[in-house]
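The residues making up each chain are set out below.
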Amino acid sequence: MTVRAILAGTGSALPRTRVSNAELAARVDTSDEWIVERTGIRFRHIAEPDETTATLGADAARQALAAAGLEPSDIGLIIVATATPDNTFPASATKVQALLGAPDCIAFDVAAVCSGFLYAVSVADSMLRTGAAKHALVIGSETFSRILDWEDRTTCVLFGDGAGAVVLSAEDVEDGRGILATRLHAEGKYCDMLYVDGGPSTTGTVGHVRMQGREVFRHAVTNLASVLGEVMTDVGLSPDQIDWIVPHQANKRIIDATAKKLGLPPERVVLTVDQHANTSAASVPLALDLAVRDGRIKRGDLVVLEAMGGGFTWGAAVLRV
Ligand code: UT7
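Fair warning: this is a prediction, and the values are worked out from it, not measured in the lab.

1. Points about the site of the ligand
Then comes step 1: Neighbouring residues of the ligand: 23 residues in total, closest Thr-30, Arg-38, Arg-214, Asn-251 and Asn-278.
Then comes step 2: The contact in question runs from an oxygen atom of the ligand to an N or O atom on the side chain of Asn-278, over 2.7 Å.
Then comes step 3: When atom positions are compared with the pocket grids, the ligand is found to occupy the second largest pocket.
Then comes step 4: Looking at which element gives the most residues to the shell around the ligand, the answer is helix 7 (residues 213-234), with four residues.
Then comes step 5: For the shell around the ligand, the residue count by class is eleven nonpolar, seven polar and five charged.
Then comes step 6: Each of domain 1 (2-173) and domain 2 (178-320) gives at least three residues to the shell around the ligand.

2. A short note on the sheet that holds strand 4 (residues 77-81)
Then comes step 1: The mixed open sheet is built from five strands, whose spatial order is 1-7-6-4-5. Taken across any chain shown, the strands that pair with only one partner, and hence form the sheet edges, are strand 1 (3-13) and strand 5 (106-110). Averaged over all neighbouring strand pairs, the angle between strand axes comes to 20 degrees, with direction disregarded.
Then comes step 2: Packing against the sheet, helix 3 (residues 53-68) makes contact with strand 1, strand 6 (135-143) and strand 7 (161-172), and its axis sits at approximately 125 degrees to strand 1.

3. As for the domain arrangement of the protein
Then comes step 1: Annotation of the protein at the domain level lists domain 1 (2-173) and domain 2 (178-320).
Then comes step 2: Counting from both sides, the interface comprises 55 residues of domain 1 and, opposite them, 49 residues of domain 2.
Then comes step 3: Overall, the association of domain 1 and domain 2 removes approximately 3900 Å² of surface from exposure, summing both partners, and the carbon and sulfur fraction of that is 64%.
Then comes step 4: Our count for the domain 1 to domain 2 interface comes out at two salt bridges.
Then comes step 5: Across the salt bridge formed by Asp-149 and Arg-210, the nearest N and O atoms sit 3.0 Å from each other.

What counts, and at which threshold
Residues numbered from 1 in each chain as written. Predicted model: local features only at pLDDT ≥ 70, side-chain atom pairs only at ≥ 80, totals over all residues. Heavy atoms only, no water. Near = heavy atom within 4 Å. Polar contact = N/O pair within 3.5 Å; in protein donor to acceptor, adjacent residues only side chain to side chain. 1 Å grid on protein atoms, 1.4 Å probe; cavity = no way out; pocket = protein on both sides within 12 Å on 5 of 7 lines; lining within 4 Å. Sits in = over half its atoms within 2 Å of the grid points. Helix = DSSP H or I, 4+ residues; strand = E, 2+ residues; numbered from the N terminus. Nonpolar A, V, L, I, M, F, W, Y, C, P; charged D, E, K, R; others polar. Domains from an automatic or database assignment. Pairing = 2+ DSSP bridges. Axes fitted to C-alpha atoms, helices over the stretch in contact; angles between N-to-C directions. Contact = heavy atoms within 4.5 Å. Buried area = accessible area lost by both parts, 1.4 Å probe. Salt bridge = Lys/Arg side-chain N within 4 Å of Asp/Glu carboxyl O.

Have a look at this one:
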């Protein structure tokens, strides 16, 4: 008997307001040309005051539940990956639980910034395989617009808001489906390269995103190519057997360089950075949902997820859909 966490459903949610590079250039010293050339970003969604990490997360979760054919009462575990929780506490996962009307279950947040969804998937995978729950909601949800310094053009043009969700279900599989491997990493010595300059225990303020972009870029390409190599070795498969790679959507140049290192053609890469910008922990599940809904990712496909972010933290997962 092999119990695995299978992908039972996906969902996503974007704030109502979409902002183009040109609109941003009207209030920040930047240009559409610079943003597109350096990052591939064209649009981002920005949350209105009534749209929060928990409400967006709950909207994405409702879609994922519907796709899985499940009710909130079927869920035994809710994990929200976020660096922008509604409140310092309680966990946004408990707020999502309340918004869904889900009864008593396990609910907590994971903070690993842009790699948060990969960390949450790995934790959920372990908990499902060891019987802690039968069905889990794993959500990446962010309102990064709330922690951007809109005077800092080197960061504020890069991020957007949104949420993505998956339902993972523990199943006794015989057809090779499910999460086949996950790998996680962290190197805290680089914590001052991408961070928020505030927090409850230091300044008592929320703070703003600060980033040494060029350094992050350099580490991202190296770390992502290496962790992708690790998970593929774990499952005994070669990169040419990957049907789809769903990368963290920080910068098209990072995505292209990583795919090139693995020898993966661009047609097998799911790209949303142009439409969503970098939505941190939400970027991978948002892109995954898009590619499942438009029919690109199909039952039986071998899909690889990867992300890297502040900490540094990074990780990857291989699943058979
Ligand atoms: O999700 C977590 C992971 N995060 C990332 O992966 C982000 C990684 N880093 C990057 O994506 C890129 O490093 C950036 C997009 C942030 C920056 O691109 P770059 O090619 O590394 O540019 P740069 O930082 O070397 O800056 C080049 C120039 C500078 O001007 P000078 O010094 O050459 O005169 C900047 O001042 O571009 C200037 N610049 C801008 N110009 C117009 C920086 N930001 C902007 C802007 N608009 N928004």
